[in-house]
Amino acid sequence: MSSSLVLSEIQNHVAILRLNRPQVLNALSLELMDELVTCIEMFDQDEQIRCMVITGNERAFAAGADIGDMATATPIEMYLRDQFTKWERIRKVKKPLLAAVNGYALGGGCELAMLCDLIVCGENARFGQPEIQLGIIPGAGGTQRLTRAVGKSLAMQMILTGRTISAEEALQYGLVVKVVPVECTLKETIKIAEEIAAKPPIAVQMAKEAILMAFETSLSEGLLFERKNFYLLFATEDQKEGMNAFTEKRKPQWKGK
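Residues numbered from 1 in each chain as written. Predicted model: local features only at pLDDT ≥ 70, side-chain atom pairs only at ≥ 80, totals over all residues. Heavy atoms only, no water.

## Quick word on the packing of helix H5 (residues 142-150) against helix H6 (residues 152-161)
Move 1: H6 packs onto H5 with a crossing angle of 140° between their chain directions and a minimal axis gap of 7 Å. Judged by the angle between their axes, H5 and H6 are oblique. With respect to the hand of their crossing, H5 and H6 are arranged in right-handed fashion. Between H5 and H6, the residues in contact are Gly142, Thr143, Leu146, Thr147 and Val150 and Lys152, Leu154, Ala155, Met158 and Ile159, respectively. (Axes fitted to C-alpha atoms, helices over the stretch in contact; angles between N-to-C directions. Helix = DSSP H or I, 4+ residues; strand = E, 2+ residues; numbered from the N terminus. Parallel < 35°, antiparallel > 145°, perpendicular 65-115°, else oblique. Left-handed = near helix turned anticlockwise from the far one by under 90°. Contact = heavy atoms within 4.5 Å.)

## Things to note about helix H4 (residues 108-115)
Move 1: For H4, the tally of buried residues reaches eight of eight residues, placing the bulk of the element in the interior.
Move 2: Looking only at H4, the buried set comprises Gly108, Gly109, Cys110, Glu111, Leu112, Ala113, Met114 and Leu115. (Buried < 20%, exposed > 50% of the residue type's maximum accessible area, 1.4 Å probe, protein only.)

## Thoughts on the side chain of Asn26
Move 1: Counting through the fold element by element, Asn26 comes out in the loop between strand S2 (14-19) and helix H1 (30-45).
Move 2: Overall, Asn26 belongs to the buried group, its relative accessible area being 0%.
Move 3: Engagement of the side chain of Asn26 in a polar contact is seen with the backbone oxygen of Ala60, the distance being 3.2 Å.
Move 4: When sequence neighbours within four positions are dropped, the list of residues in contact with Asn26 reads Leu19, Asn20, Arg21, Gly56, Asn57, Ala60, Phe61, Ala62, Ala63 and Gly64. (Polar contact = N/O pair within 3.5 Å; in protein donor to acceptor, adjacent residues only side chain to side chain.)

## Thoughts on the pattern of salt bridges
Move 1: Applying the stated criterion to the full structure yields eight salt bridges.
Move 2: Ionic pairing is found between Asp34 and Lys86, a salt bridge with its closest N-O pair at 3.4 Å. On the criterion of sequence distance, the pair formed by Asp34 in helix H1 and Lys86 in helix H3 (residues 85-91) is long-range, its members being 52 residues apart.
Move 3: A residue is classified by how much of its surface remains accessible, and Lys86, at 14% relative accessible area, is buried.
Move 4: Where Arg163 meets Glu169, a salt bridge forms, and the shortest distance between an N and an O atom there is 2.2 Å.
Move 5: Counted as one network, the salt bridges with shared partners bring together Glu241, Glu248 and Arg250. (Salt bridge = Lys/Arg side-chain N within 4 Å of Asp/Glu carboxyl O.)

## Here we look at the packing of aromatic side chains
Move 1: In the structure shown here, the tally under the stated rule is two aromatic pairs.
Move 2: Measuring from ring centre to ring centre gives 5.4 Å for Phe230 and Phe234, while their planes differ by 65°; the resulting arrangement is edge-to-face.
Move 3: Three or more aromatic residues link up through ring pairs in this structure, and these residues are Phe230, Tyr231 and Phe234. (Phe/Tyr/Trp six-rings, centres within 6.5 Å; stacked < 30°, edge-to-face > 60°.)

Written out as structure tokens, the structure reads:
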């Protein structure tokens, strides 16, 4: 599926979604977010897709929200627009979502990357939440996810001053999982996505659910959720196949059932 604002392709059970507004550094307009959410939800329902990757171009993953969409809006117009509902829909997808980030990931771009389950970035990546310089604060999860990812002190500095951090700093503080040369970013992200896609799909989705639950609840409740998912996987054909393949010393054939 391709459109003017989001281009997509599929390879080895991985859907690759490319933000396509290069003339404005992939600013996240309302229209782009509509198309992106539609694509993500479509692939989340496609049995042939097991993992997804979001990327931009070498200059920018996404340099933030489209300020022209908001500059003259009133509080009631923003309330009725309810644009962040789309972001919640991305949060609810079951399949792993990876971000391949080159260049700028600022404001909404940083928030979109953090909404993904893993971030791989190029050496030229810059992450930041500069909304304070516009007289506002992050509104799509920046104050919450950045704090959970890098800790209170650095999140405070970044959000209160508008400071951006480099790819190496992002790796140091745990915001990204890997830093690679710019020309290798998408390739390396797809490699990780294909590795995930080669695993049993239902177990992958339940593992993602359990990990995300760690941010939503207490340790005891999280452990209970994990245990229930562990037991539930014994109802799948893939669990039987995986354990039989292990004892028979052969490679398992996953069916996603």
